[in-house]
Structure formats: C-alpha cells, structure tokens
Amino acid sequence: MFRRRANREFREAHLAGQALLEMHATWAAPDFVSPAAEPPPTAKDGDGPEEVPDFPPPDLRVPSRHEVEGLMMRWEQPLVIDGVVRECPHCGAYRDWIVFSMRDDTIWLRCRAGHNSAEPRLDPAWYNRNSGPVDRFHPTLDDGLRHLGH
C-alpha cells in the first residue's frame, strides 16, 4: 500500500514538472522581440531597403594583412634558425636584423648594412609568434626602416 502511494506521488510530481517545462518553453522573454514581429525594412523613396552604415567607420579601420605589401619588425639579438646562427651572406652580420613578412608568405631579412636575403626556413607563422602588435603603417619602405632605426 505504501509503495502504490509513493508511485502515484512520483507520477503526479513528474506530470506537474512536465507541464511546468512545457509552459516555460512557450513563454517569450520579456526583452526579446520575435524576428517575425519586426516590421519589414521600409523602402526609402521607393528605391529599396534602407542602407545600414558600415561599422566600424572607415577612419577607425586598419588594413588587413593582404591589403599591405608586408609587415616588418626589428630583431636585435642573433637570429638562430635550426640551431645555427644566421649570418648575412654579404657582410657576415649576425644581429640587428629587420625581418619582413611579405604578402606572398615569404620572409626576408635585412642586415644593418642594407643587404636583403630571403630566408626559406622561416614562415609567416614564425613571424606572427615572434612579432608584437602592429603599431604603425608606413606609406613607403624607407619610412618604415626609419621608424625601426635602420
């Protein structure tokens, strides 16, 4: 007799819980407006939908990586690649490099004397791991080199 009463109470509690869940699922959130309730976009002077302004504004946007020729950073310490210190093939310099990450995913090195050489063992992932955030955009290579002290 006690068992039947416990089963019946359990069933009643279960049904009440189910009813509560179903009721709760149909309630609309107080601050939520259903997308179906929004009016359709109105035509401005009959030309079509109203245009939404871009965000962020153009003067706050920075160029993407593929809109610039490349990125550059200063590397003052010796550059060690695969356990070997990288030297300039022209003058033998082994420190104070400018590292360029170009748009075509190549890495170039420039020594203090102005010699440029490609470095195929480095890739843009290495550059991204070792460079800081972009702090300035320069219209010419000379402006960028001057900014970095070369």
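Along each chain, numbering runs from 1 in the same order as the chain's sequence is written. In view of the model being predicted, local features appear only for residues whose pLDDT reaches at least 70, and side-chain atom pairs are presented and counted only at 80 or more, with totals across whole chains, interfaces and linings using the full set of residues. Processing note: side-chain calculations cover all non-hydrogen atoms of the structure and skip hydrogens and water entirely.

A. Inspection of unusual backbone geometry at higher detail. Of note, D82 is a non-glycine position whose phi angle comes to about 55°, a positive value. Under the DSSP-based scheme used, a helix requires at least four consecutive residues in state H or I and a strand at least two consecutive residues in state E, with every element numbered from the N terminus. Structurally, D82 is set in the loop between strand 2 (80-81) and strand 3 (84-85). For each residue, the accessible area found with a 1.4 Å probe, counting protein chains only, is set against the maximum for its type, and the residue is called buried under 20%, exposed over 50%, and partly exposed in between. On the accessibility criterion, D82 (65% relative accessible area) is exposed. Backbone geometry places D105, a non-glycine residue, at a positive phi of 65°. Residue placement: D105 occurs in the loop between strand 4 (97-102) and strand 5 (107-110). What makes D105 partly exposed here is its relative accessible area of 45%.

B. Expanded view of the pattern of salt bridges. Counted as salt bridges are all cases of a side-chain nitrogen of Lys or Arg within 4 Å of a carboxyl oxygen of Asp or Glu. The final tally for this structure, using the stated rule, is seven salt bridges. Here E119 ties to R86 by a salt bridge, and the two come within 2.5 Å at their closest N and O atoms. With a gap of 33 residues between them, E119 in the loop between strand 6 (116-118) and helix 2 (124-130) and R86 in the loop between strand 3 and strand 4 connect regions that are remote in the sequence. For the residue pair E119 and R86, the accessibility class agrees, reading buried in each case. Note that R112 is salt-bridged to D96, the shortest N-O span being 2.9 Å.

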